[in-house]
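# Commentary on secondary and tertiary structure
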Amino acid sequence: MSGGGTPGGRRLGEALVRWFEEHKRALPWRQNRDPYRVWVAEVMLQQTRVDTVAPRYVSFLRRFPSVEALAAAGEDEVLKEWEGLGYYSRARNLRLAAREIVNRYGGRFPDSPEELRRLPGIGRYTAAAVASIAFNRPAAAVDGNVLRVMARLHGIDEPVTRAPVQRRIERLTEALIPPGRAADFTEALMELGALVCTPGQPDCGRCPWRDACTAYLEGRTGELPVRPQRTAPRVVHGAVAVVTANGDGARAGRRVLVVRRPAGGLLAGMWEFPWVETAPDASEAECEAILTRTLRDRYGLDVVVDGGLPAVRHVFSHLEWRLQVFAARVRPGAEAPAGRRELAAQGRAAGEDGDLVWAAPEELDGLAFGRAHRRIADTWRKRRPAP
Ligand code: ADE
């Protein structure tokens, strides 16, 4: 097909923009092109489906209506608002970048992809998406959808996961941007990938690029794009304890022990029930024994295990958790370790990995959990015998 910066390429871009004007969906982030709104949407949409994002985007903007509001928020608040969306470093970086935009740029977004990319969490895709959609800069925002559309259009049969192939697709995409229409073009290309040039069965009959599309003309839409097989996620087995307290005051009987994950790595800074990795074939008795020992070693906590709760499984991108869950309580007469509130009352700070809270059941909603531990919390609360 006609490529590069030729008028033919531009014509394709113009045809796409015309198609978009007619077919675009009304989505909450399309009300206007305010850079803050565009940026939040693009970050949320990166690993998450449009249907899931739409209501959460509305709620996020209600909670943090401006870059200043987000910059002023605490990490806990932002993580809580992000709960359930996964890939939580997106939320942490969003807040860090907001602080930088306020402190370094006086609250005005930089408008070039190069400068946007200096901000935390903003990579090539997000920088180009914000620069083009919010500032109409002719930058090519290449995500998974765009890789698919462009690999089909140009019949690219090298794996689109390779960086040099992605760079080439960026250049090919840039060459299609009609002058002065970068914002519409970027959104249009994403919309084409979402509505027409879909992964499974593309709807080529409705495609404005059909007559120029190599994959269509050669009957290869099912083969393109080429992606190497994903390796199966590594499975981690574990045993989780939902430990209820036995003391009074801040460690009273219906409170439950939750701990904060370290500040780096998977689910950084999120809350969870204490747990320990186990052998894949560990029996229930072995799980109970290793949990009891771990709670003693880590927290100086002596518990009695009362029985099992439903197991949970959770699949991350490269990792799968298979967790056996146990209800336990502080052994009668034993001392429970102090949580952050009691330490704070004594003027002492909770340590990075010793950060624990004895939370009342209703307080669990206010803490940011990953999905697996949120499910454990919900199940436990439903089963908890009435006081
Ligand atoms: N996926 C990524 N960005 C998008 C957008 N702005 N609209 C719809 N889907 C998208």
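To be clear, the structure that these remarks concern was listed above.
Residues numbered from 1 in each chain as written. Predicted model: local features only at pLDDT ≥ 70, side-chain atom pairs only at ≥ 80, totals over all residues. Heavy atoms only, no water.

## A word on the overall build of the protein
On a plain count of helices and strands, the protein comes out with 15 helices and seven strands. Viewed in the frame of its principal axes, the protein has a C-alpha envelope of about 80 × 50 × 35 Å. The long-range fraction of contacts in the protein, counting pairs at least 24 apart against all pairs at least 6 apart in sequence, stands at 65%. As displayed, the protein offers around 18200 Å² of accessible surface, 48% of which is attributable to carbon and sulfur atoms. (Helix = DSSP H or I, 4+ residues; strand = E, 2+ residues; numbered from the N terminus. Contact = heavy atoms within 4.5 Å. Areas by Shrake-Rupley, 256 points an atom, 1.4 Å probe, with all protein chains shown as cover.)

## Some remarks on the packing of aromatic side chains
All told, the structure shown has eight aromatic pairs when counted by the stated rule. Judged by centre distance (5.6 Å) and plane angle (85 degrees), the ring pair of W29 and Y57 falls under edge-to-face. Of this pair, W29 sits in the loop between α1 (7–23) and α2 (35–45) while Y57 sits in helix α3 (residues 50–63), and the two are 28 residues apart along the sequence. Residue W29 shares its accessibility class with Y57, and that shared class is buried. What links up through ring pairs into an aromatic cluster is the set Y36, W39 and F109. (Phe/Tyr/Trp six-rings, centres within 6.5 Å; stacked < 30°, edge-to-face > 60°. Buried < 20%, exposed > 50% of the residue type's maximum accessible area, 1.4 Å probe, protein only.)

## What to know about the side chain of R152
Mapped onto the elements of the fold, R152 is located in helix α9 (residues 144–154). Of the side chains with opposite charge, E223 comes closest to the buried, unpaired R152, at an N-O distance of 10 Å. Beyond its immediate stretch of four places on either side in the chain, R152 contacts C197, T198, P199, P202, C213, T214, A215, T221, L224 and P225. (Lys, Arg positive; Asp, Glu negative; His and termini not counted. Salt bridge = Lys/Arg side-chain N within 4 Å of Asp/Glu carboxyl O.)

## Some words on unusual backbone geometry
With an omega of 0 degrees, the peptide bond running from L224 to P225 counts as cis. Structurally, P225 is set in the loop between α12 (214–217) and β1 (234–244). At N136, a position not held by glycine, the phi torsion is positive, near 55 degrees. As for its position among the elements, N136 is in the loop between α8 (124–135) and α9. Phi is positive for L267, which is not a glycine, with a value near 50 degrees. As for its position among the elements, L267 is in the loop between β2 (256–260) and β3 (271–272). Residue classification places L267 among the buried positions, given a relative accessible area of 10%.

## Notes on the pattern of salt bridges
Under the defined criterion, the tally for this structure stands at 35 salt bridges. R137 is the salt-bridge partner of D111, the closest N and O atoms lying 3.3 Å from each other. Of this pair, D111 sits in the loop between α6 (89–105) and α7 (113–116) while R137 sits in the loop between α8 and α9, placing them 26 residues apart in sequence. Since its relative accessible area comes to 33%, R137 is described here as partly exposed.

## Points about the nonpolar core
Within the largest apolar cluster, 68 residues are counted, with the highest numbers of intra-cluster contacts made by Y36, W39 and F60. Per-element accounting of this core gives the leading share, eight residues, to α2. If you count residues domain by domain, this core takes at least three from each of domain 1 (7–144 + 179–195) and domain 2 (234–383). Contact partners of Y36, with chain neighbours within four places excluded, come to F60, L61, F64, P65, S66, V67, L70 and F109. (Core = buried A, V, L, I, M, F, W, Y, C linked by side-chain atoms within 4.5 Å. Domains from an automatic or database assignment.)

## Quick look at the environment of E342
Turning to its location among the elements, E342 is positioned in helix α14 (residues 340–345). You can call E342 buried: its relative accessible area is 11%. The spatial distance from the C-alpha of E342 to the C-alpha of R251 is 9.0 Å, given a sequence separation of 91 residues. The contact partners of E342, leaving out residues within four places of it in the chain, are A250, R251, P337 and W358.

## Focus on the pairing of strand β7 (residues 356–359)
The side-chain alternation of β7 yields two buried faces, one formed by L356 and W358 and the other by V357 and A359. By the bridge criterion, four bridges tie β2 to β7 in an arrangement that is antiparallel. Paired with L257 across the two strands is W358, which belongs to β7. (Pairing = 2+ DSSP bridges.)

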